[in-house]
Structure formats: structure tokens, C-alpha cells
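# Chains, contacts and geometry: an overview
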Amino acid sequence: MQFKHPEILYFLFLLIIPILVHLFQLRKFKKEFFTNVKFLRELSIQTRKSSKIKKYLLLATRLLLLAALIVAFAQPFFKAKDSVNATNELYIVLDNSFSMQAKGKKGELLKRAVQELLEHTPETTNFSLVTCSDNYWNTDIKSIKKELQDLKYSANPFKLDNLLAKIKAHKSAFNKDIVVITDGVGLQPNQLKGIKEDESLYFVFPEAEQTNNISIDSVYINQTLDKFYEIAIKLEAFGDDFEDTPIALYNQNKLIAKTLVNFKTTSQTIRFTIPKQDFHGYVSIADKGLDYDNNYYFSISKPQKSNVISIGDTDKANFLSKIYTAEEFNYANFPLNGLDYNRIEKQDAIVLNEVKEIPQALQTTLKSFVEKGGNLVVIPSKDISVSALNGFLSQFGAIQFKTYNESQKIISKINFNHPLYSTVFEKKVDNFQYPTVNASFDLSSTAPLVLSYNDQSPFLTSVQKGIASVYVFAAPLNKMNGNFQNSPLIVPTFYNMAQSKQKSGVNAIIIGSNNPFIVETTLSKDEIVTVKNDKLGVKEDFIPVQQMLDNKVKLSFNDSPNEAGNFSVYNNKQKVENISFDYDRTESNVTNPNTDAADDFKEMNSIEQVFNTLYLDRTDNQIWKWFVFLSLIFIALEVLIQKYVK
């Protein structure tokens, strides 16, 4: 037991006062006349004994009364077992990612967590609240009640290390108590490595009862026909025992196709055929799991001819003119000395076809071309300076040419998962007639390989630069050096290299991915483009980060928009292009929350238990009230003694 004011205990010396009073108390006796003195001696002895007992009882009660009052004023207490952390600041990390849409015993996990915070957080407790989307510093539960009630799900996946970094950046002279409320989806052990010794971490894991979920993973063009697109919709099922699920396709909010999906396996691909026109809509499913991944918004632009030029000798470009036909491409070849640099900016793809040198002015122009979203294909010449070529390619990534070896190699490995071939092969091919080259450069690259030799060295590699790609071959492709021009691979390889993703593919940007987007429009000095969503009931406008690139504008969206949907890009009131945004699907699998990652920290059953534990462990047990109560008891005893003890 300890005392808040131990100096008051010196007043215990006052206990000598009632002792002195009782020892030296002077009493006056009154004469009483008796008619009979027969029992006088007996009465005298009895009276003296009773008086002495009463005297000692009163002395004891007064001593105890005074002692209890003195001790009460000294404020005794039992020290809390965790009193060292009594001054800690409280931080609450609330997971409001989409996986918290899962339903528990009392409804959606996020809504129930918010309700418990409102019910069990003491009104006098000061804390900071950090969510996936918002931060509230140094507040209390009454001040943010409305914000909590209106808290929406965040498009940002739950990443605890990022949220803890925000808390650490919030400088404070006190240690921290951090309460993490999450379902455990996306929680990884390496996210907890940065916890300091002066930080106490508590976890509350609300548990979902309904973990089955079906997600629309992606949409892509599976096949391009003369007048139609065959689009493929990939769906993922998490859990087990799924019923037939309806899936519907909408264009401009009008239903154009519908069917049922039967999940015999966890992954299914559904195909629809749509006209080769502008598409601005979404695909939708209805399941009993999470809601956020039931719609996938996408846009497809009406087919436009791609602009392609090749730079090099005309006789070596004949195979390109057979691939880039006038029906789908605006193609031309220019010798290096006859190239008009002003045409480069208007192209979708450029092929450097065995040029023996790359002038510095061309290098600068091609770098700018790639930054603006154009694809670049590099076919080396055996006579080119390796050091000059490496200096040029170093602007795009870690691709380096080495020695030129005149030894025959077989191109025997295809990366079927590479985006270049995603719509080419229905399945992996084993009995393919692979082409050969008679000589090639040794190529060092950390970029993904597209085609490889039988010794696993690269023949074709690619570097992704925003929405643009840089493709680099390791060998010349002329007929004197091999038979790649006669291979079935030549057409799909160069055809897809020249395609602009925005012009010929599905346009669906993941919110938060920060991938750039190029629109063709001309802005004056003070003009800007805006992005608008005209969906019924939901209207969201925002201004993206933008960079003017001659007749194009490069857009970056960061964490915008707030909600997924079909949007349009406007230059003033003129619509420039359709664009669609979707949520990241990483929160779709709620079947296996990784709660084991928090095994080294304290886990609580509920938010109420967290606050009860912090209060009991951090609060001293004050017992001065008991001594006041004892004082009242001793006063009552003295009154009773005075009244009933003779």
C-alpha cells in the first residue's frame, strides 16, 4: 500500500491527545442520599467496573476514528500493475477495407466495430483514430461520433505497416498504446517488424460467419473478329458449395446479355460477344458474399487504326508491311537519313529495324515518345556499337547487350503468361515448330522474358514504362540470320507490339494503382481536363494530376476517384474519352484471415475488453474511501457506547 500524501501521516501523533484526555479527565461527583445503605459497597464496586470498561471502549473508538481520518487524508492506494504505461497515448487502427463487409453474428464487421467503439469508448478518453482512408488525431468519441457513423469502406487494401508508419510519424513525447481492429485479411508478419519496445499493441479480430465470396477478377478481349469482340470475364470463387450465379453485362446501363455461372472449379471464365463499337458499361453478378467486387466497370473504344513507322533499310522492312496492313494500320518505313522527326509524336509504335547507329537527337525524341505512351521495338544490327546501344537502352531499364556470337540457337520457350500473348494461345503449345537464328547478341536483362532460346537466354524481352512498352530483340531478324520471319510467331508478336492498350484493349484502371493514362487533346495554357461520373444517384467530379505533352495530356489519378464506376474525361464541356475505374480485388478472399501473424502480441475478444483491461491495469486502486467509511462506523460505535454502555 502506498500513500499519495504520506506527510499527513505525521498527524498520527495526535492520537496521544485522546489518551491524555482519558487519563487525566477530572470528574465531579454528585451526592445522593440513600434510605438504606445495605447494598452500598456492592453497588460501588459494580459501578467502578462498568465505568472503566466504557472508558476504554470510548478511548479505542476515538483512537481508531482519528487514525482512520488521518489515513484517509493521506489517500492510500494500491499501485496498478502496469502503472509505468499509465501515461501512454491511445491510437486506434480501424480496418475499413472491403473485406470488413463480411457478415458476423451481429451484421457487417465494420458497422459492428463502429457501434462497439461508440458504446464502450469512455467519453473522457483522448485518442487518435487511423483508418485506411482517414485520420483523426487527438480527439474523443463524442467529437467524431458523426464521422464514425458515416465511415465508408475504403478502396485502399488494409496494410498495417503503412498505417503504423502514419502513427510513428505523429511525433509524441509519450509511449503509445495501439489497438488494431481488423478481420486479419491481408495481415502479414513482416508488417509488424517495426514495432518498438515502447509501443503496446493490442488486436481485436471480429470474426466473419459468411466467408463464401465470388469476385469478378478481370475483363479482357479474348478474340477480335471482323465485326465483333469476344470478351472474357474471369471470376474467382473463394470458399465452397456455390450455387449457380447469375451474371449480366450492361452497356450504358442497358442490359445486353445475361447467363448463369456454375462453379465446378474455383476459377471460371465466361465469354460474351459484343459489337465492335464503343463500350462503356460493366459486368455484374449477385452473390451472398462481399458486395464491392460484384461489379467490374470497363470501357472499350471503337477500333481505330494504329499509327506505326519503322526506321531502317526498306529491303529489310518488307515483312513489316505484310503485318501492318492498311485495313488496321497506318504504316510507313523511313530510312534513317530520310526520317521526319515531327512524325514520331503522332505514332502508336515505332520499330528500330537494324539501324547501325542511333543519333542523339533520335534518342532524345524516342525517349520522349515512350514517356508519352508509345511502344518502341528495337531490332539490333550486328554492326551497331554495343556501347552506344546500351547507353540508349539504359534510359528504359536494365537491358544490356554484350558480345555477338555466331552460333545457331533455337527459340524454344514462349512466355504464355506475358501480355503480348495473352489472347494468342488458347492453351500451352508443346509441338510447335520453333524458329532458329544463326547469330545473336548475349543479352542481360532483369525484365520479363517474352521469348527465350533453348539455353534459357533471352531472345525477346520487354520493359513496361507506364502504359508504354519497350521490346528488345537479341538478334537481327533478316532472312540471312534465321527463319523467324517465316515462323507463325512473327505475326502475333509484331501485331500486338504495335497495338496501343488504350485504343485496342479493355480500359479499366484499378483505383490507387496510379497507372498513367494518355488522352489525345490539345489544351491552352490555362485549360485543364476533368473526370466526371454521371451515374444516376452518384455524381463525382475530380481533377487528376496532368501533364501537357504537345497534342496529348498525361493523367495520373493517385487515389481518385472515391467510388468505382464509368467516368468520362472532359476538356471544358467536350467529352474527350471514356474511362472506367475499379476497386482492387485483393480483399476478396476472406476465407483464411491471417490472425496468426499477431501471435506475439495481445489479442482481445472485444473492444470493451480492451478498455476494461487498460483501465484495470493502468489505474491505481484508491482505498481512502474505505477509511472514511471506517471513520463513520467508529462515530456510530461511539454514539452507541455512550447510549447503551452504563
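Now for a description of the structure that goes with this document. (Residues numbered from 1 in each chain as written. Predicted model: local features only at pLDDT ≥ 70, side-chain atom pairs only at ≥ 80, totals over all residues. Heavy atoms only, no water.)

## A few points about the overall build of the chain
Tallying secondary structure elements over the chain gives twelve helices and 38 strands in all. For the chain, the residues scored as buried account for 46% of the 646 residues in total. Of the contacts formed within the chain by residues at least 6 apart in sequence, a portion of 70% connects residues at least 24 apart. By element, 51% of the accessible surface of the chain is carried by carbon and sulfur atoms, the whole surface being about 35200 Å². (Helix = DSSP H or I, 4+ residues; strand = E, 2+ residues; numbered from the N terminus. Buried < 20%, exposed > 50% of the residue type's maximum accessible area, 1.4 Å probe, protein only. Contact = heavy atoms within 4.5 Å. Areas by Shrake-Rupley, 256 points an atom, 1.4 Å probe, with all protein chains shown as cover.)

## Side note on the sheet that holds strand 13 (residues 254–261)
Judged by pairing direction, the sheet is antiparallel, and its five strands sit side by side in the order 13-12-15-16-28 without closing on themselves. Only two strands of the sheet have a single partner each, and these edge strands are strand 13 and strand 28 (506–507). (Pairing = 2+ DSSP bridges.)

## Overview of empty space enclosed by the protein
Within the structure shown, the criterion is met by two cavities of 30 Å³ or more. Reported here for the largest cavity is a volume of approximately 50 Å³. Of the residues assigned to the lining of the largest cavity, the class counts are three nonpolar, five polar and two charged. Roughly 30 Å³ of internal volume is contained in the second largest cavity. (1 Å grid on protein atoms, 1.4 Å probe; cavity = no way out; pocket = protein on both sides within 12 Å on 5 of 7 lines; lining within 4 Å. Points joined across faces, edges and corners; volume = space filled by probe spheres on them. Nonpolar A, V, L, I, M, F, W, Y, C, P; charged D, E, K, R; others polar.)

## What to know about the sheet that holds strand 11 (residues 228–238)
With antiparallel pairing, the three strands of this open sheet are ordered in space as 10-11-14. The open sheet has two edge strands, strand 10 (213–224) and strand 14 (267–275), and neither has a second partner. Neighbouring strand axes in the sheet, compared pairwise and without regard to direction, differ in orientation by 25° on average. Here ten bridges tie strand 10 to strand 11, and the two strands are oriented antiparallel to one another. Bridge pairing in strand 11 links Val219 to Ile233. (Axes fitted to C-alpha atoms, helices over the stretch in contact; angles between N-to-C directions.)

## Examining the nonpolar core
Leu352, Leu376, Leu451, Phe459, Phe473, Phe484 and Phe494 are the most contacted members of the largest nonpolar core, which totals 63 residues. Considering every element that reaches this core, the biggest residue donor is strand 27 (residues 468–473), with five residues. With residues up to four places along the chain from it excluded, the contact list for Leu352 reads Ile311, Ile358, Leu362, Leu366, Leu376, Val377, Val378, Ile379 and Phe392. (Core = buried A, V, L, I, M, F, W, Y, C linked by side-chain atoms within 4.5 Å.)

## Considerations on helix 5 (residues 160–169)
Looking at helix 5, one finds that the buried residues are Leu160, Leu163, Leu164 and Ile167. When helix 5 is viewed along its axis, its buried side chains cluster within an angular range of 100° and face the same direction. Against strand 3 (89–94), strand 6 (127–131), strand 7 (135–139), strand 8 (176–181) and strand 9 (199–204) lie the buried residues of helix 5. (Arc of directions from axis to C-beta.)

## Things to note about helix 7 (residues 360–371)
End to end, helix 7 covers 17 Å across twelve residues, agreeing with the expected 16 Å (1.5 Å per residue, within 8%). Within the span of helix 7, buried status applies to Leu362, Gln363, Thr365, Leu366, Phe369 and Val370. Along the axis of helix 7, the buried residues cluster in a sector spanning 170°; they form a single face. Among the structural elements, strand 17 (306–311), strand 19 (349–353), strand 20 (375–379), helix 8 (386–393), strand 26 (458–465) and strand 27 are those in contact with the buried residues of helix 7. Of the residues trailing helix 7, Gly373 is marked for its positive phi of about 105°. (Expected span 1.5 Å × (residues − 1).)

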